[in-house]
Amino acid sequence: MRCALCLFFPISIYTGQYVGSGRFFVRLVYVSAGLTSWKLGNRKTHYSMKMQTPWILAIGFVSLLCLTTPHKAAGQTTAINEKNSSVKQDLEKRFREYSEALTKRDLNALEQIWSDDYVFINPRGELVTKSQRLSNLKTGATEFQAIRPKSERTEVHGNVALDVGTVTLEGTKYGGKESSGDYRYMTVWVNNDGRWQMIANQITRIAH
């Protein structure tokens, strides 16, 4: 019994001192070998040294596997998912505000939603600046009666978010031309002092 305690006692010491290091593994194999040898030594009539070796290696391998298996911090994944879910809700709300501002031609609201360096790629592939879009809405060259977006994918990278989805436009004109239909959109948002602003977006007509 005393020999058994002497062999088990070093395990607690080595565990606290060498967990996660190569030296712990070496010493654990050494102790495991001692335990196995002590146990098997009392049964020499049934086990040979040749049969002891696989047991020693197996004990050492299992010990290393347990120590080197990565563990995620408790709640880490949940926290990240909760954050992304909150951002997605904020962006969905912001997109509704954006759609309402377009249909009502609320230039003041759009001034706040679009960043100063905002750019838009329209269905014809033309690059339109913030001032140009505001002007088009003011003159009626751009018009929307109904906007029905459906977000399909949202990715958050720090203070930048990417939203991809589809949108149905009704009673819509771009450059004075009828442009109603189904589109796929991509929008880039940036968080400025807690407020999400659109810095770029693009829409492409979906061929049916």
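Residues numbered from 1 in each chain as written. Predicted model: local features only at pLDDT ≥ 70, side-chain atom pairs only at ≥ 80, totals over all residues. Heavy atoms only, no water.

Describing the overall build of the protein
Worth spelling out the cut-off: Helix and strand assignments come from DSSP, with helices taken as H or I runs of at least 4 residues and strands as E runs of at least 2, each series counted from the N terminus. Remark: exposure states derive from per-residue accessible area (1.4 Å probe, protein chains only) relative to the maximum for the residue type, with buried under 20%, exposed over 50%, and partly exposed in between. Two residues form a contact once any of their heavy atoms are found within 4.5 Å. Here the open area of atoms and residues is found with the Shrake-Rupley method and a 1.4 Å probe, where only the protein chains shown may cover a residue.
Along its length, the protein carries six helices and eight strands. Counting helices and strands in the order they occur from the N terminus, the protein gives α-α-α-α-α-β-β-α-β-β-β-β-β-β. The buried share of the protein, reckoned over its 208 residues, is 29%. Sequence separation of 24 or more characterises 51% of the internal contacts of the protein that already satisfy a separation of 6 or more. Accessible area of the protein: about 13,500 Å², with a carbon and sulfur share of 57%.

Some words on unusual backbone geometry
We note that Arg105 has phi near 55 degrees; this positive angle belongs to a residue other than glycine. With respect to the helices and strands, the residue Arg105 is situated in the loop between α4 (76–104) and α5 (107–113). Of note, the phi angle at Asp193 is positive, near 55 degrees, even though the residue is not glycine. Here Asp193 shows up in the loop between β7 (181–192) and β8 (195–205).

Observations regarding the confidence of the model for the protein
Low pLDDT means the predicted coordinates in that region are not meant to be read closely. What counts is decided by this rule: Confidence scores labelled pLDDT are given residue by residue by the predictor and lie between 0 and 100.
Model confidence for the protein is summarised by a mean pLDDT of 74, while 60% of its residues fall at 70 or above. The low-confidence segment residues 1–51, where pLDDT is below 50, has 35 contacts with residues more than four positions distant or belonging to other chains.

A short note on the sheet that holds strand β4 (residues 160–170)
Pairing between sheet strands relies on hydrogen bonds along the backbone, with the strands arranged either parallel or antiparallel. Heads up, the rule is: Any two strands are treated as partners once DSSP identifies two or more bridges connecting them. Here an axis means a line fitted to C-alpha atoms, over the contact stretch when the element is a helix, while the angle between two N-to-C directions is reported on a 0 to 180 degree scale.
Within the open sheet, the six strands sit side by side as β2-β1-β8-β7-β4-β3. Their pairing is mixed. The open sheet has two edge strands, β2 (127–129) and β3 (146–157), and neither has a second partner. Pairs of neighbouring strands in the sheet enclose a mean axial angle of 20 degrees, with direction left out of account. Of the strand pairs in this sheet, strand β1 (residues 114–121) and β8 are connected by four bridges, and their pairing is parallel. Directly across from Ile121, in β8, lies its bridge partner Gln202.

Some remarks on the nonpolar core
So the rule is basically this: Within this scheme, the nonpolar core is defined by two criteria: the residues are buried Ala, Val, Leu, Ile, Met, Phe, Trp, Tyr or Cys, and they are joined through side-chain atoms within 4.5 Å.
Among the nonpolar cores identified, the biggest contains 26 residues, and Tyr98, Leu102, Leu110, Trp114, Leu169 and Trp189 are the most heavily contacted of them. Of all the secondary structure elements, the ones that give two or more residues to this core are α4, α5, β1, α6 (130–139), β4, β7 and β8. The greatest single-element share of this core, amounting to six residues, is contributed by α4. Every residue in contact with Leu110, bar those within four places of it in the chain, is listed here: Tyr98, Ala101, Leu102, Leu134 and Leu137.

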